[in-house]
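Report on the structure
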2 protein chains.
Amino acid sequence: MSDPWIEDPYFIPAGAGSRHQIFPGVEIRTTPGERMMLSVVTFEPGSVVLDHSHPHEQMGMMVSGRLEFTIGDVTRVLGPGDLWRIPGGIVHRVRALDGPAVALDVFHPIREDYL
Amino acid sequence: MSDPWIEDPYFIPAGAGSRHQIFPGVEIRTTPGERMMLSVVTFEPGSVVLDHSHPHEQMGMMVSGRLEFTIGDVTRVLGPGDLWRIPGGIVHRVRALDGPAVALDVFHPIREDYL
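Calculation criteria
Residues numbered from 1 in each chain as written. Chains lettered and ligands numbered in written order. Predicted model: local features only at pLDDT ≥ 70, side-chain atom pairs only at ≥ 80, totals over all residues. Heavy atoms only, no water. Helix = DSSP H or I, 4+ residues; strand = E, 2+ residues; numbered from the N terminus. Buried < 20%, exposed > 50% of the residue type's maximum accessible area, 1.4 Å probe, protein only. Contact = heavy atoms within 4.5 Å. Areas by Shrake-Rupley, 256 points an atom, 1.4 Å probe, with all protein chains shown as cover. Lys, Arg positive; Asp, Glu negative; His and termini not counted. Charge placed at Lys NZ, Arg CZ, Asp CG, Glu CD. Least-squares fit on C-alpha atoms with pLDDT ≥ 70 in both. pLDDT = per-residue confidence, 0-100. Buried area = accessible area lost by both parts, 1.4 Å probe. Salt bridge = Lys/Arg side-chain N within 4 Å of Asp/Glu carboxyl O. Polar contact = N/O pair within 3.5 Å; in protein donor to acceptor, adjacent residues only side chain to side chain. Nonpolar A, V, L, I, M, F, W, Y, C, P; charged D, E, K, R; others polar. Pairing = 2+ DSSP bridges. Phe/Tyr/Trp six-rings, centres within 6.5 Å; stacked < 30°, edge-to-face > 60°. Lys NZ or Arg CZ within 6 Å of the ring centre and 35° of its normal.

1. A few points about the overall build of chain A
In terms of regular secondary structure, chain A is built from 0 helices and 11 strands. If you list the helices and strands of chain A from N to C, you get β-β-β-β-β-β-β-β-β-β-β. With respect to the three principal axes, the spread of C-alpha positions in chain A is 45 × 30 × 25 Å. Out of the 115 residues in chain A, the part that is buried amounts to 49%. Once local pairs closer than 6 in sequence are excluded, the contacts in chain A between residues at least 24 apart make up 59%. Accessible area of chain A: about 5,200 Å², with a carbon and sulfur share of 55%. Distance between charge centres in chain A, computed from 9 positive and 15 negative side chains, equals 7 Å.

Structure follows, in structure tokens:
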């Protein structure tokens, strides 16, 4: 009760959120809003998110490090500030390259499996 | 036509997007998806976003620097990795503190005024 950050619904400090390890070396911290969900993703070097898809729309931004990102049949190496947008149902995968990486994803609607 | 980044709809390089100066010293670069919009916001030191509200839900994350962020009647000083969530219709304002700052906002639905 003494932590002022938990006394309002508006702000979430860095490192908080619901923790899920989605693949070896890949951890997410998720925060739901009303109709969107933020997911801060940390990748260990060489970790991978295998091909998958979901009906939710996904957009995101690289925060630090480098990722090889494949959406549909397009592959790019991304660095800080680069963005992506993945329509629902499109297969995508990710591989962390030569060091750790951090990305921010956002989903619409909320991913109930990541609450 | 020779830029591979414009040959697919999935990836947007850092610094691209639709540019809008929304207040003195505050610039955004926006990228629409289907039902969400990303907005990379750069603040010059001391710049402010005055009290405003919109029906769109807004969530976001500090990328670098420090911001004094007020949502409703709650004010916090935010640094890298801190998150916010603003339900539609809630008044909010922002002030950049001792240096430049960068934040990522996401809106649902798309803000037509930022296309």
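Now that the structure is up, let's keep going.
2. Re the relation of the copies chain A and chain B
Of the transformation placing chain A onto chain B, the axial shift is 0.0 Å and the rotation is 180°, giving an RMSD of 0.0 Å. Both copies of the chain, as the preceding transformation shows, are related through a two-fold rotation axis. Taking C-alpha positions as reference, the residue of chain A nearest the rotation axis is V63(A), located at 3.5 Å.

3. Things to note about the confidence of the model for chain A
Summarising the model, chain A shows a mean pLDDT of 94, and 94% of its residues fall at 70 or more. Overall fold confidence for the complex sits at a pTM of 0.94, while the interface term, ipTM, reaches 0.93.

4. Some details on the interface of chain A and chain B
Each side of the interface is counted separately: chain A has 42 residues, and chain B has 42 residues. Summed over both partners, the interface of chain A with chain B comes to about 4,000 Å²; 69% of that surface belongs to carbon and sulfur atoms. Linking chain A with chain B are 2 salt bridges, by the criterion used here. The closest approach of N and O atoms between R76(A) and D8(B), which form a salt bridge, is 2.7 Å. Between the two partners, chain A and chain B, sit 16 residue pairs in polar contact (both at pLDDT 80 or more). Sorting the residues of the side of chain A that touches chain B by element identifies β1 (11-12), β3 (26-32), β4 (37-43), β6 (57-64), β7 (67-71), β8 (74-78), β9 (83-86) and β11 (101-108) of chain A as the ones contributing at least two each. The element that contributes the greatest number of residues to the side of chain A that touches chain B is β6(A), accounting for 6 residues. Looking at the side of chain A that touches chain B residue by residue, the class counts come to 28 nonpolar, 7 polar and 7 charged. Sheet analysis places β9(A) next to strand β1 (residues 11-12) of chain B, joined by 2 bridges and oriented antiparallel. In the sheet register, L83(A) faces β1(B), and the bridge partner there is I12(B).

5. Examining the sheet that holds β9(A)
By definition, the strands of a sheet pair up through backbone hydrogen bonds, in either a parallel or an antiparallel sense. The 7 strands are arranged β2(A)-β3(A)-β4(A)-β11(A)-β6(A)-β9(A)-β1(B) in an open sheet whose pairing can be described as antiparallel. The sheet is open, and its two borders are formed by β2 (18-23) of chain A together with β1 of chain B, each paired with just one other strand. By the bridge criterion, 7 bridges tie β3(A) to β4(A) in an arrangement that is antiparallel. Pairing of V26(A) across the sheet is with F43(A), part of β4(A).

6. Quick word on the packing of aromatic side chains
For the structure shown, the criterion picks out 6 aromatic pairs over all chains. With a centroid separation of 6.1 Å and 65° between ring planes, the pair formed by F107(A) and Y114(A) is classed as edge-to-face. As far as the burial class goes, F107(A) and Y114(A) line up, both buried. Members of the aromatic cluster, each reached through a chain of ring pairs, are F11(A), F69(B) and W84(B). Here R111(B) stacks its cationic end above the ring of F107(B), 5.1 Å away from the centre of that ring. The cationic tip of R111(B) hangs over the ring face of Y114(B); the distance from NZ or CZ to the ring centre is 4.1 Å.

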